[in-house]
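# Fold and geometry: a report
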Amino acid sequence: QVQLVESGGGLVQPGGSLRLSCTASGIIFTIYTMGWYRQAPGKQRELVAVMTNGGTTNYADSAKGRFTISRDNAKNTVYLQMNSLKPEDTAVYYCNVNFRGTLDYWGKGTLVTVSS
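Quick caveat, the model's predicted, so the values are computed rather than measured. (Residues numbered from 1 in each chain as written. Predicted model: local features only at pLDDT ≥ 70, side-chain atom pairs only at ≥ 80, totals over all residues. Heavy atoms only, no water.)

### Structural notes on the nonpolar core
The cut-off we apply is this: What we call a nonpolar core is a set of buried Ala, Val, Leu, Ile, Met, Phe, Trp, Tyr and Cys residues that are connected through their side-chain atoms within 4.5 Å. Three labels apply to residues, based on accessible area from a 1.4 Å probe with only protein chains included: buried if under 20% of the type maximum, exposed if over 50%, partly exposed otherwise in between. Strands here are runs of E lasting at least two residues and helices are runs of H or I lasting at least four, both read from the DSSP assignment and numbered beginning at the N terminus. Any two residues whose heavy atoms approach within 4.5 Å are treated as being in contact.
Trp36, Val48, Phe67, Val78, Leu80, Met82 and Tyr93 are the most contacted members of the largest nonpolar core, which totals 29 residues. Among the elements of the structure, strand E3 (18–25), strand E4 (33–39), strand E5 (46–51), strand E7 (67–72), strand E8 (77–82), strand E9 (91–99) and strand E11 (110–114) are those that each provide at least two residues to this core. The element best represented in this core is E9, accounting for five residues. In contact with tyrosine 93, not counting residues within four places along its chain, are Glu6, Leu20, Trp36, Tyr37, Arg38, Val48, Phe67, Leu80, Met82, Gly109, Thr110 and Val112.

Encoded structure:
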């Protein structure tokens, strides 16, 4: 019933930008906290950015100042604008929606590769 689909990943050069999108279906989008996580090769999955339904945002230190999370409730979509990308940003990026810290849904991920 619930489906999250990420898009926008790809290959980008260091210093470049990408915009990731995640479109949800089967949920009441407006009530959820939305987040982006990533998992780099050989590393654990980590939080990149989150936004509550009230608009409060939090970022990982590594993303702060470079990445921006936003949401469009009318489109059931959350975005992650990534600027000044670095090779260490290379990872599979996952969309997450969470309701009251219990209901928790994940997308299958989109690969971001930062390389020259």
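On we go.
### Comments concerning the sheet that holds E7
Hydrogen bonds along the backbone pair up the strands of a sheet, which may run parallel or antiparallel. This is how it is decided: By the convention used here, strands pair only if DSSP detects at least 2 bridges between them. Note on definitions: angles span 0 to 180 degrees between N-to-C directions of axes, and those axes are lines fitted to C-alpha atoms, for helices only across the stretch in contact.
Reading across the sheet, the four strands line up as E1-E3-E8-E7 and stay open at both edges, with antiparallel pairing between neighbours. Edge positions in the sheet fall to strand E1 (3–7) and E7, since each of these pairs with one other strand and no more. Averaged over all adjacent pairs, the angle separating strand axes in this sheet is 15 degrees, with direction ignored. Here six bridges tie E3 to E8, and the two strands are oriented antiparallel to one another. Each residue of the ladder has a partner; that of leucine 20, found in E8, is leucine 80.

### Considering the pattern of salt bridges
Stated precisely, the cut-off is as follows: For this document, the term salt bridge refers to a Lys or Arg side-chain nitrogen within 4 Å of an Asp or Glu carboxyl oxygen.
Counting across every chain of the model gives four salt bridges. Note that arginine 38 and glutamate 46 form a salt bridge whose closest N and O atoms lie 2.8 Å from each other. Of the charged contacts in the structure, one is a salt bridge between aspartate 61 and lysine 64, with a shortest N-O distance of 3.5 Å. A residue is classified by how much of its surface remains accessible, and aspartate 61, at 67% relative accessible area, is exposed. A relative accessible area of 52% places lysine 64 in the exposed class. Within the structure, one salt-bridge network assembled from shared partners comprises Arg38, Glu46, Arg66 and Asp89.

### Let's talk about the packing of aromatic side chains
Operational definition: Pairing of aromatic side chains here covers Phe, Tyr and the six-membered ring of Trp, requires ring centres within 6.5 Å, and sorts the geometry by plane angle: under 30 degrees stacked, over 60 edge-to-face, intermediate tilted. For a lysine, the NZ atom is tested; for an arginine, the CZ atom; a charge sits over a ring if that atom is within 6 Å of the ring centre and within 35 degrees of the ring normal.
Within this structure, the stated rule accounts for three aromatic pairs. Consider the rings of tyrosine 37 and tryptophan 106, whose centres lie 4.9 Å apart with planes at 65 degrees: the pair is edge-to-face. Pair noted here: tyrosine 37 is in strand E4 and tryptophan 106 is in strand E10 (residues 103–106), with a separation of 69 residues, a long-range link. Connected via pairs of aromatic rings, a cluster forms that spans Tyr32, Phe99 and Tyr105. The ring centre of tyrosine 79 lies 3.9 Å from the NZ or CZ of arginine 19, which sits over that ring.

### Examining the environment of leucine 11
Take leucine 11: it is sitting in strand E2 (residues 10–12). Owing to a relative accessible area of 65%, leucine 11 belongs among the exposed residues under this scheme. When the C-alpha atoms of leucine 11 and valine 112 are compared, they prove to be 6.2 Å apart, with 101 residues separating the residues in sequence.

### Side note on unusual backbone geometry
Positive phi is not limited to glycine here, since asparagine 76 has a value of about 55 degrees. With respect to the element layout, asparagine 76 can be found in the loop between E7 and E8. One non-glycine residue, serine 84, adopts positive backbone phi at about 50 degrees. In this fold, serine 84 is placed in the loop between E8 and E9.

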